[in-house]
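# Structural overview for review
Next come the chains, spelled out residue by residue.
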Amino acid sequence: MAAETFLVLGSNSFSGATFVATALKAGADVVGISRSAEPDAALLPYKWAPHDRFTFHALDFNHDLDRIEAVIQEVRPEYIVNFAAQGMVAQSWEHPEHWYQTNVVATARLVDRLWRMPFVRKFVQASTPEVYGSTHGIVRETTPFNPSTPYAVSKAACDMNLLAYQRARGFPVAFTRAANVCGPGQQLYRIIPRTILCVLSGRKLRLEGGGTTRRSFIHMDDVTNGTFAVARYGTPGEAYHLATDHMQTIREVVGEICRQMDVAVDDVVEPTPARLGENPAYELDCTKARRELGWQPRWSFEETVAATIEWTRRNLDRLRRMPTEYVHQA
């Protein structure tokens, strides 16, 4: 029996690279596409174990659509998983047109070609709970969109366009909306690796709004397993939440890191003003993913922090040579 083929858009991202690793472990053939060359292997989980079924193409979503289509037509993947996006929230206020170009226009141009390819069984769009805006109480997949930042608006518009193609053209799209992902291999500007590096280097951590916003943090492996299940078994037109039940403030997240690294929180953090349009909490109801896909998270937050600290220490010499701040690419 021939192996299934997955094509992963945004395969250099934390989410994309972890998904590639999971698909390879499951025995699939995988093709990855990202706009930049592959980064250091410390940031690519699929390079942490030997494999011979992955092919990478450095192609830009915005400028290389014909070449991306040619790869898809040649490979004829059963599943396409899209992590390619401008993904930062606060920075989306600085150049909103970049977020709309990539997350809306480029994706729309691609999908207008993909719906004509009958070999694609499922297109999984990695969406975001940011589309719901500021919410209160439990958030379900049926909660109305109410985006409050250019990033969130761009992701909501993308989702709505994909749904239009699903309803009118029968395009087999399903969506994931995950809590804050974390774990070994994450970009260094994210809160957990950034805190760990600050502790190890003796630098102060700038904590936006004093860290009062509440979030659910989930190990990337748990989200990847859910995304893999959505690809194979998810219902077209449906969205699936992937989160834990454990909500905590960002300051509490930093506190757990400091506890495990045996330092005082007040010696590490430097409070700064909250970012524009920041939403206070997302308490995602994951009943659908549990019921329909048999999915549930397996990693505790404490285990995730410990694994990330261990990964950081193991790769510290290499990580210290990498940028620790977000660098925007148009």
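Anyway, here's the lowdown on the structure attached to this text.

The rules behind these values
Note that residues are indexed from 1 along each chain, following the sequence as it is written. Per-residue local features of the predicted model are confined to residues with pLDDT of at least 70, and side-chain atom pairs are confined, for both listing and counting, to 80 or more; whole-chain, interface and lining totals are unaffected and use all residues. Based on all heavy atoms of the structure, the side-chain values leave hydrogens and waters out of the count. We place a 1 Å grid over just the protein atoms. Points where a 1.4 Å probe fits but has no way out form a cavity, open points with protein on both sides within 12 Å along at least 5 of 7 lines form a pocket, and any residue with an atom within 4 Å of a point lines it. Grid points are joined across faces, edges and corners, and a volume is the space filled by probe spheres set on the points. In this description a helix means any DSSP run of H or I spanning at least four residues, a strand means any run of E spanning at least two, and both kinds are numbered starting from the N terminus. A helix is expected to reach a length of 1.5 Å times the quantity of its residues less one. Three exposure classes are used, based on accessible area relative to the maximum for each residue type with a 1.4 Å probe and protein chains only: buried under 20%, partly exposed in between, and exposed over 50%. Only heavy atoms matter for contacts: two residues are in contact if any of them lie within 4.5 Å across the pair. The pairing criterion is simple: DSSP has to find at least two bridges between the two strands. To define axes, lines are fitted to C-alpha atoms, for helices over the stretch in contact only, and angles between the resulting N-to-C directions are given on a 0 to 180 degree scale.

This part takes up the layout of surface pockets. Taken as a whole, the second largest pocket encloses approximately 450 Å³ of empty space. Within the residue set of the lining of the second largest pocket, elements represented by two or more residues are α1 (14-25), α6 (220-233) and α9 (301-314). Among the elements that take part in the lining of the second largest pocket, α1 stands out by supplying six residues, more than any other.

Here the focus is helix α3 (residues 96-114). Helix length check: α3, at 19 residues, gives a terminal C-alpha distance of 26 Å against a target of 27 Å (1.5 Å per residue), a fit within 8%. Taken together, the buried positions of α3 are occupied by W99, T102, N103, A106, T107, L110, V111 and L114. On the buried face of α3, the contacting elements are β1 (5-9), α2 (65-75), β4 (79-82), β5 (122-126) and α4 (150-169).

This part is about the sheet that holds strand β2 (residues 29-34). Taken together, the seven strands give an open sheet; going across it, the order is β3-β2-β1-β4-β5-β7-β11, and neighbouring strands pair in parallel fashion. A single partner strand is all that each edge strand has here, and the edge strands are β3 (54-58) and β11 (239-242). The mean inter-strand angle of the sheet, taken between neighbouring strand axes irrespective of direction, is 20 degrees.

Below, the discussion takes up unusual backbone geometry. Positive phi is not limited to glycine here, since R76 has a value of about 55 degrees. The residue R76 is located in the loop between α2 and β4 in this model. You can call R76 partly exposed: its relative accessible area is 45%. The phi angle at D262 is positive, at roughly 60 degrees, despite the residue not being glycine. Turning to its location among the elements, D262 is positioned in the loop between α7 (250-261) and β13 (269-272).

That is the geometry; function is a separate question.
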